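# Understanding the architecture of this molecule
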Amino acid sequence: MRTVEHFINEISPSLTAFRRTFHQNPELGFTEYVTTYLIGKELINLGFTIHLGKDALESTERMGVPSPNDLTKQEERAIKEGVEKSWLDKMKGGHTGLAATIDTGKPGPHMAFRFDIDALPIKESDDLDHHLPSREGFRSQNEGIMHACGHDGHAAIGLGVASFLSAFKDQLFGRFTLLFQPAEEGGRGAKAMVKKGWLENVDCFASGHIGIRDTKLGRVYATTNSFLASSKINVTYKGKAAHAGLEPEKGKNALLAAAAASLHLYNIPRHSDGATRVNVGKLQGGAGRNIIADEAHLEMETRGETTAINQYMVEEALRILKASGDLYGVETVIDVVGDTVEAACNPEWIQWVKEVGRESPFISEIHDGLSLKASEDVTYMMNEVQNQGGKSTFMVFGTGLKNGHHHHQFDFEEGVLTVAVDAFARLILKLSHLKEEVTS
């Protein structure tokens with residue numbers, strides 16, 4: 001195991017460099033053209049077979065794909081930023097992310113790992129006193145877009161795991177699949193990779209997340225519980241414009257419908273069987289103070305402790321959204337643009353993580369599990385593996401957090417990258433030799 005320690009120490013500077021490169025170049029879901037390209041080129045150098053575009057995900061299963069005009073703008077940007085045309089041709093139309101495979105050629109388990117790569121529509125802080133990326137010069141170069149959830153770190157961890165698989169291939173058994181997933185934010189990308197078949201006959205599946213809570217660097221949670229099922233909904237209200245002073249009776253006010261819906265959604269009764277959430281995160285409408293608003297746009301989400309409870313929230317939300325449009329005599333156009341489901345980790349991972357953690361100089365504490373109380377579309381992947389008899393987990397890697405996820409000054413301790421890669425590497429080394437235990 002000391003050879004693993006030596007390897008981790010060797011690649012640690014590269015992990016930080018990868019993370020900072022991704023952080024400087026954040027891209028929203030299904031527009032991660034540069035990110036996919038940079039990851040893919042590195043994986044080819046490491047000896048992986050990569051699968052791009054429609055070979056990596058099922059096109060029709062994607063949710064919340066940006067408009068054709070937005071995709072075209074982002075593709076033009078990607079070319080300017082150095083993405084080769086042959087690569088972009090495969091990814092065009094929002095077919096980002098990739099799958100990478102490597103086979104030891106020796107009998108053993110099929111292990112798969114997922115790393116999400118998308119960013120958020122947040123303007124990153126430029127405060128030099130309180131924000132490390134600004135101070136160290138790797139703040140986002142794409143204004144209004146930011147890695148505010150740690151996916152830049154996840155992508156770097158994925159490349160670290162790939163480097164380990166390449167370097168230790170001769171000591172391993174079985175075959176390995178790495179999924180660099182687009183569009184996790186909003187629950188839009190995982191299902192498309194599942195439907196492409198990448199998780200068929202997988203014995204062990206693991207993914208993970210940096211942070212979640214403000215915790216100690218070196219702490220690892222072997223499993224995660226309390227995934228909330230969630231649905232993401234966009235609504236457009238279409239009314240009729242009119243002069244607000246001269247002919248107000250001729251107008252149909254779409255903005256009032258959206259505003260009414262925003263208020264009434266929060267009055268959905270809580271469910272007696274478990275936790276529920278609802279949030280309106282965006283509301284836009286109207287053209288001017290003296291114009292009856294002919295269009296308004298609303299973006300909202302529901303969450304539930306189980307898939308069934310979330311479905312209750314969705315049905316109530318759809319009822320309120322439609323009724324609000326009817327109340328003001330406007331057309332209501334509803335589009336469900338994201339979805340996640342409930343899931344549970346297999347308990348075997350607790351013992352496996354504890355066993356390998358005791359040998360690690362980077363892991364200081366191991367906890368059985370963390371209560372997430374949030375949503376993740378990795379649940380589609382976890383359930384797919386478990387439905388075929390495999391074992392899944394979603395780990396959490398501790399780090400101090402001065403600000404929470406989705407904050408404009410979000411950042412994490414970069415030492416967590418080595419902790420995570422070390423955990424994945426030691427699990428791979430252990431489980432690749434345990435086919436009977438892993439597949440039982």
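Residues numbered from 1 in each chain as written. Predicted model: local features only at pLDDT ≥ 70, side-chain atom pairs only at ≥ 80, totals over all residues. Heavy atoms only, no water.

## Description of the packing of aromatic side chains
What the rule picks out here adds up to 12 aromatic pairs. Geometrically, the ring pair formed by W349 and W352 is edge-to-face, given 5.1 Å between the ring centres and 80° between the ring planes. Of this pair, W349 and W352 both sit in helix 10 (residues 348-357), 3 residues apart, roughly one helical turn. Exposure class is identical for W349 and W352. Each is buried. Every member of this aromatic cluster is reached through a ring pair, and the members are F113, F115, F180, F397 and F424. Above the ring of F412, the side-chain terminus of R19 is found at 4.1 Å from the ring centroid. For K106, the ring lying beneath its charged end belongs to F173, and the centroid distance is 4.9 Å. (Phe/Tyr/Trp six-rings, centres within 6.5 Å; stacked < 30°, edge-to-face > 60°. Helix = DSSP H or I, 4+ residues; strand = E, 2+ residues; numbered from the N terminus. Buried < 20%, exposed > 50% of the residue type's maximum accessible area, 1.4 Å probe, protein only. Lys NZ or Arg CZ within 6 Å of the ring centre and 35° of its normal.)

## Re the sheet that holds strand 9 (residues 295-304)
Spatial ordering of the open sheet is given by 8-9-7-10, a layout of 4 strands whose pairing is antiparallel. The two strands at the open ends of the sheet, each matched to only one other strand, are strand 8 (276-285) and strand 10 (331-340). Strand-to-strand, the axes of this sheet are offset by a mean angle of 15°, without reference to chain direction. Strand direction decides the pairing type here: strand 8 and strand 9, joined by 9 bridges, are antiparallel. Residue pairing for strand 9: V278 is matched across the bridge by T302. Across the sheet, helix 8 (residues 254-265) is in contact with strand 7 (229-238), strand 8 and strand 9; its angle to strand 9 comes to roughly 15°. (Pairing = 2+ DSSP bridges. Axes fitted to C-alpha atoms, helices over the stretch in contact; angles between N-to-C directions. Contact = heavy atoms within 4.5 Å.)

## Regarding the nonpolar core
With 73 residues, the main nonpolar core has L43, F164 and L178 as its most contacted residues. Take this core: its biggest share by element is 12 residues, from helix 12 (residues 416-431). Setting aside residues no more than four positions away along its own chain, L178 makes contact with F48, L98, A99, A100, F113, F115, G158, V161, A162 and L165. Counting residues in hydrophobic clusters, the runner-up holds 27 residues, among them V194, F205, C345 and L372. (Core = buried A, V, L, I, M, F, W, Y, C linked by side-chain atoms within 4.5 Å.)

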